[in-house]
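An overview of the molecular structure
Take a look at the letters that make up each chain.
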Amino acid sequence: MRALVISGGGSKGAFAGGVAQYLMQDLQKEYDMFLGTSTGSLLIPHLALNKIDKVYELFTNVTQRDIFSVSPFVQRKKGDREYVSIDFVNSLWQFIRMKRTFGESKHLKRNIRRNFSKKEFNEIRHTKEDVVVTVSNLSKNRVEYKSIKDCSYEEFCDWIWISCNYIPFMSLATIDGFEYADGAFGCVIPIREAILRGATQVDAIVLESESLDKQKILGKNPFSLMMGLFGHLLDQVEKNDVTIGKLAAKNKGVDLNIYYTPTSLTENSLIFSKPLMVDWWQQGFDYAKKKHKDPLSNELRG
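A few points on the structure. This is a predicted model, so every value here is computed, not measured.

The rules behind each value
- Residues numbered from 1 in each chain as written.
- Predicted model: local features only at pLDDT ≥ 70, side-chain atom pairs only at ≥ 80, totals over all residues.
- Heavy atoms only, no water.
- Helix = DSSP H or I, 4+ residues; strand = E, 2+ residues; numbered from the N terminus.
- Buried < 20%, exposed > 50% of the residue type's maximum accessible area, 1.4 Å probe, protein only.
- Contact = heavy atoms within 4.5 Å.
- Areas by Shrake-Rupley, 256 points an atom, 1.4 Å probe, with all protein chains shown as cover.
- Lys, Arg positive; Asp, Glu negative; His and termini not counted.
- Charge placed at Lys NZ, Arg CZ, Asp CG, Glu CD.
- Salt bridge = Lys/Arg side-chain N within 4 Å of Asp/Glu carboxyl O.
- Axes fitted to C-alpha atoms, helices over the stretch in contact; angles between N-to-C directions.
- Parallel < 35°, antiparallel > 145°, perpendicular 65-115°, else oblique.
- Left-handed = near helix turned anticlockwise from the far one by under 90°.
- Nonpolar A, V, L, I, M, F, W, Y, C, P; charged D, E, K, R; others polar.
- Polar contact = N/O pair within 3.5 Å; in protein donor to acceptor, adjacent residues only side chain to side chain.
- Pairing = 2+ DSSP bridges.

What follows is about the overall build of the protein. Secondary structure summary: the protein contains ten helices and ten strands in total. Counting the 302 residues in the protein, one finds 53% classified as buried. The long-range fraction of contacts in the protein, counting pairs at least 24 apart against all pairs at least 6 apart in sequence, stands at 76%. When the accessible area of the protein is evaluated, it comes to approximately 14500 Å², of which 51% is carbon and sulfur surface. In the protein, 41 side chains carry a positive charge and 36 a negative one; their mean positions are 3 Å apart.

Laid out in structure tokens, this is it:
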């Protein structure tokens with residue numbers, strides 16, 4: 001059974017789209033299972049339907065307004081460089097309203113249902129072994145995996161949304177009395193879960209470089225410093241997930257191929273810029289192609 005697994009990574013999901021396009025269109029790979037975390041959870045339902053063109057349009061045209069109903073960020077441009085800074089007015093307003101997060105992501109919730117129909121949901125249930133998204137149950141301090149087979153359409157759309165909620169900058173969701181957030185807080189790349197669910201071949205796309213190739217610049221204010229700290233912690237979770245995944249693959253005799261980003265694409269994956277994401281998509285496609293054209297100099301196996 002073949003599985004495609006995609007990690008969290010915000011706007012870097014465009015890179016994963018490019019890799020998936022090469023694997024599914026050029027190599028004609030067919031997957032039985034799809035598992036994703038955060039941005040990966042947004043990709044996998046459309047990839048399960050083999051709708052590469054639709055994924056491209058969605059991921060290269062997304063903006064801050066498509067995600068945030070209350071944005072904690074202001075997107076700015078200095079020369080050719082795009083960056084985000086904190087929107088102190090919106091953040092202060094959240095405090096005044098006694099909210100626990102700096103921003104809200106209700107627009108993302110609306111757009112998930114707008115771009116993923118109930119008909120598509122039912123088609124996946126009848127044609128694929130499984131599609132699974134990762135969420136973090138903060139109340140129980142554990143990771144949970146939500147299968148499309150166990151959910152109604154409305155529930156599954158909600159779990160996709162919850163998997164993407166990078167708190168404290170996005171919404172904190174409450175389901176059945178439990179509080180949930182971004183799956184990456186517990187599992188950035190669910191390789192081991194794919195193997196536990198019966199995968200014998202796994203292609204895993206990790207939206208981070210295998211090794212840090214440049215010094216990270218820490219933020220100049222408490223908010224940006226917090227983002228940098230969260231990024232560091234998630235990097236450690238991702239490394240742990242990959243190590244556990246490799247061990248599980250070795251013990252079960254699973255064919256595991258891991259695709260990292262060749263460079264650190266961005267220090268802030270909450271920047272949604274069309275030129276950047278178009279470029280990252282192409283980079284992902286070219287990277288996967290190079291890996292398969294030159295396997296001796298670019299080892300795929302984890």
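What follows continues from the structure just given.
With that out of the way, let us pick up unusual backbone geometry. The omega angle of the peptide bond from Ile167 to Pro168 is 10°, so this bond is cis rather than trans. Within the secondary structure, Pro168 is located in the loop between α7 (153–163) and β7 (173–175). Here Asn141, not a glycine, exhibits a phi torsion of approximately 55°, which is positive. Its location among the elements puts Asn141 in the loop between β5 (130–137) and β6 (142–147).

What follows is about the pattern of salt bridges. Under the definition given, this model contains ten salt bridges. Taking the shortest distance from any N to any O, the salt bridge between Glu179 and Arg100 comes out at 2.1 Å. Residue Glu179 is found in strand β8 (residues 178–182), and its partner Arg100 is found in the loop between α4 (88–96) and α5 (106–115); the two are separated by 79 residues along the sequence.

The next subject is the packing of α5 against α7. It is at 9 Å that the axes of α5 and α7 come closest, and there the two elements cross at 135°. Judged on the interaxial angle alone, α7 and α5 are oblique. Seen from above, α5 lies across α7 with right-handed handedness. Contact residues: α5 offers Leu108, Lys109, Ile112 and Arg113, while α7 offers Tyr153, Glu154, Cys157, Asp158, Ile160 and Trp161. Along the lines of polarity and charge, the residues of the contact of α5 with α7 split into six nonpolar, no polar and four charged.

Burial analysis of α7 places nine of its eleven residues in the buried class, the great majority of the element. Within α7, the full set of buried residues consists of Tyr153, Phe156, Cys157, Asp158, Trp159, Ile160, Trp161, Ile162 and Ser163.

Moving on to the side chain of Ser41. By secondary structure assignment, the location of Ser41 is in helix α2 (residues 39–48). Since its relative accessible area comes to 0%, Ser41 is described here as buried. Of note is the side chain of Ser41, whose polar atom sits 2.6 Å from the backbone oxygen of Ser38. Ser41 has contacts with Gly36, Val133, Ile160, Ser163 and Cys164, leaving out every residue within four places of it along the chain.

With that settled, consider the environment of Asp26. Relative to the assigned elements, Asp26 resides in helix α1 (residues 13–26). The exposure class of Asp26 is partly exposed, given its relative accessible area of 44%. Expressed as a C-alpha distance, the spacing of Asp26 and Lys289, which sit 263 residues apart in the sequence, is 8.8 Å. In this view, Asp26 contacts Gln21 and Phe285; residues no more than four positions away in its chain are not counted.

Direction of pairing for β5 relative to β8: antiparallel, over a ladder of three bridges. Its bridge partner being in β8, Val135 is matched across the sheet by Asp182. Relative to β8, β7 is paired through three bridges, and the arrangement is antiparallel. What sits directly across from Ala173, in β8, is Tyr180. Here β7 folds back onto β8, and the loop between the two strands holds two residues, one of which, Asp176, carries a positive phi near 50°.

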